[in-house]
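Each chain is listed here by its residues.
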Amino acid sequence: MDTGLSGKTVVITGASGGIGQEVARQFASEQANVAAHFCTGQDRATALLESLETDRKIVCDADLTIEKQVRSMFDTVESSLGSIDVLVANAGFWPPEDKPIYEMTLEQWNRTISVDLTSVFLCVREYLRRVVEQQVQAPAIVMIGSTAGHFGEAGHGDYAASKAGLMHGMLKSLKNEIARVAPRGRINAVCPGWTLTPMARKFAADEKAMKRALQTIALRKFGKPGDMASAIVFLASNQLAGHITGQTLFVDGGMEGRILYREEEVDLSEAI
């Protein structure tokens, strides 16, 4: 199926991570021009660049919590690949340790909000400014949420709050704002459930935790980066999703915030 993304320029933040790498590969397979951002993981980013099946591709390094670096990154992309058609705001951070709110430091709270919410604001703001300057006709933004932003996540209230802000207040406001500066402009979010990525390696090593998670998922299996990437490419395509905006697409296997299956009804060997 033709997605209409051939020749379109796409910026993917957090492209050195598990989901980000697969997103870059899928856009490249559609012959899009790919700008793969990374903040850490330069070796992975370089290897990714070499593997992409498209002629026009770059990697760019930036701390997305710093305005000047965000602006510089977009300058680099435009000078190399031309005006930007799609922004995939994928970069994010999951604090590794459980920390209830009453024990959480202000430093941790501020860091998580900065990386997971403020960085998206800075990228979206810079992108929309360029949409206006370059008169991009049908810009598309896809942000990455989380089921934590929908159900909450005990021990990770900072992460849940940042994703909830992104998926609800920010998304719903921006769907109206982007259409004012570009009548066919769209913004949507993909909300992954439990996904087997390198960031989830601690979770994947805990068999009991994996079984508990499976008990809440209708399909009784975990997501893979490719599942998320396919949804992102779909929402980025004006040809496939041109009348969809302001929506959050849950790619979570039918996950609910309650137990759906008894422990003996889930099988780890069939879930991965």
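For clarity, every value in this text was computed on a predicted model and none was experimentally measured.

Cut-offs applied
Residues numbered from 1 in each chain as written. Predicted model: local features only at pLDDT ≥ 70, side-chain atom pairs only at ≥ 80, totals over all residues. Heavy atoms only, no water. Salt bridge = Lys/Arg side-chain N within 4 Å of Asp/Glu carboxyl O. Helix = DSSP H or I, 4+ residues; strand = E, 2+ residues; numbered from the N terminus. Contact = heavy atoms within 4.5 Å. 1 Å grid on protein atoms, 1.4 Å probe; cavity = no way out; pocket = protein on both sides within 12 Å on 5 of 7 lines; lining within 4 Å. Points joined across faces, edges and corners; volume = space filled by probe spheres on them. Pairing = 2+ DSSP bridges. Axes fitted to C-alpha atoms, helices over the stretch in contact; angles between N-to-C directions. Buried < 20%, exposed > 50% of the residue type's maximum accessible area, 1.4 Å probe, protein only. Core = buried A, V, L, I, M, F, W, Y, C linked by side-chain atoms within 4.5 Å. Polar contact = N/O pair within 3.5 Å; in protein donor to acceptor, adjacent residues only side chain to side chain. Phe/Tyr/Trp six-rings, centres within 6.5 Å; stacked < 30°, edge-to-face > 60°. Arc of directions from axis to C-beta.

Enquirer: Hey, could you run me through the pattern of salt bridges in this one?
Expert: Side-chain pairs of opposite charge can arise whenever the charged atoms involved come near each other. Using the criterion set out here, one finds eight salt bridges in the structure. A salt bridge links Arg 258 to Glu 256; its shortest N-O distance comes to 2.5 Å. One salt-bridge network, in which partners are shared between bridges, spans Asp 75, Glu 78, Glu 126 and Arg 130.

Enquirer: Explain the environment of Gly 246 to me, please; I cannot follow it from the model alone.
Expert: Looking at the element boundaries, Gly 246 is found in the loop between helix H10 (238-241) and strand S7 (248-251). As a C-alpha pair, Gly 246 and Arg 184 span 62 residues in sequence and 13 Å in three-dimensional space. The contact partners of Gly 246, leaving out residues within four places of it in the chain, are Leu 171, Lys 172, Lys 175, Ile 187 and Asn 188.

Enquirer: Which parts of the structure should I look at to understand empty space enclosed by the protein?
Expert: To find the voids left in a structure, one rolls a probe of water-molecule size over its atoms. Applying the stated rule across the entire model yields one cavity of 30 Å³ or more. The volume enclosed by the largest cavity comes to roughly 30 Å³. In terms of lining residues, the largest cavity is bounded by Thr 13, Leu 64, Ala 89, Asn 90, Ala 91, Ser 119, Val 120 and Cys 123.

Enquirer: Is there a simple way to think about the sheet that holds strand S1 (residues 9-12) in this case?
Expert: To summarise the sheet geometry, strands pair through backbone hydrogen bonds and adopt either a parallel or an antiparallel arrangement. Strand order in the open sheet made by the seven strands is S3-S2-S1-S4-S5-S6-S7, with parallel pairing throughout. Two strands in the sheet have a free side with no partner beyond their single neighbour: strand S3 (57-61) and S7. Averaged over all pairs of adjacent strands, the angle between strand axes in this sheet comes to 15°, irrespective of strand direction. Running at roughly 170° to strand S6 (residues 186-192), helix H9 (residues 225-236) makes contact with strand S4 (86-89), strand S5 (140-144), S6 and S7 of the sheet.

Enquirer: Just to check I follow, could you spell out unusual backbone geometry for this structure?
Expert: For residues besides glycine, phi is generally negative; the peptide bonds are generally trans as well. The phi angle at Gln 31 is positive, at roughly 65°, despite the residue not being glycine. Position of Gln 31 among the secondary structure elements: in the loop between helix H1 (18-29) and strand S2 (33-38). Overall, the relative accessible area of 37% leaves Gln 31 in the partly exposed class. Phi is positive for Arg 220, close to 55°, though the residue is something other than glycine. Position of Arg 220 among the secondary structure elements: in the loop between helix H8 (207-214) and H9. Residue class for Arg 220 comes out partly exposed when judged on its relative accessible area of 34%.

Enquirer: Help me out: how do you make sense of the environment of Pro 183 in this one?
Expert: Residue position: Pro 183 is located in the loop between helix H6 (157-181) and S6. Overall, Pro 183 belongs to the exposed group, its relative accessible area being 63%. Separated by 46 residues in sequence, Pro 183 and Gln 137 place their C-alpha atoms 7.5 Å apart.

Enquirer: Explain the nonpolar core here, please?
Expert: It is characteristic of soluble globular proteins that their nonpolar side chains tend to be buried jointly. Counting 35 residues, the largest nonpolar core has Ile 141 and Met 143 as its most contacted members. Elements that contribute at least two residues to this core include exactly S3, helix H3 (67-81), S4, helix H4 (106-134), S5, H6 and S6. Sort the elements by how many residues they give to this core and H4 lands first, with seven residues. Ignoring any residue separated from it by four or fewer positions in sequence, one finds Met 143 in contact with Ala 89, Val 120, Leu 166, Met 170, Leu 171, Ile 187, Asn 188, Ala 189 and Val 190. Counting residues in each nonpolar core, the second largest holds 29 residues, with Leu 48, Ile 144, Ala 229 and Ile 232 among its members.

Enquirer: Just to check I follow, could you spell out the side chain of Thr 112 for this structure?
Expert: By the element assignment, Thr 112 lies in helix H4. Taking relative accessible area as the criterion, Thr 112 reaches 0% and is therefore assigned buried. Within the structure, Thr 112 has its side chain in polar contact with the side chain of Asp 158 (distance 2.8 Å). Discounting chain neighbours no more than four positions away, the residues touching Thr 112 are Phe 93, Pro 95, Leu 117, Asp 158, Tyr 159 and Ser 162.

Enquirer: What's the story with the packing of aromatic side chains in this structure? I'm lost.
Expert: Aromatic ring pairs are reported here in terms of the distance separating the ring centres and the angle at which the planes meet. Taken as a whole and assessed by the stated rule, the structure comprises one aromatic pair. Here Trp 94 and Tyr 159 contribute two aromatic rings whose centre-to-centre distance is 4.8 Å and whose plane-to-plane angle is 80°, an arrangement assigned as edge-to-face. Of the two residues, Trp 94 is situated in the loop between S4 and H4 and Tyr 159 in helix H6; the sequence distance between them amounts to 65 residues. On the basis of relative accessibility, which here comes to 22%, the residue Trp 94 falls in the partly exposed class.

Enquirer: Before we go on, may I ask you to explain H8 in this structure?
Expert: One turn of the α-helix equals 3.6 residues, which is why residues spaced by three or four share an orientation. The complete set of buried residues in H8 reads Ala 209, Met 210, Ala 213 and Leu 214. Each buried residue of H8 lies within a common arc of 135° when the element is viewed along its axis, so the set occupies one face. Seen from the open side of H8, the exposed residues pointing more than 90 degrees away from its buried face are Lys 208 and Arg 212.

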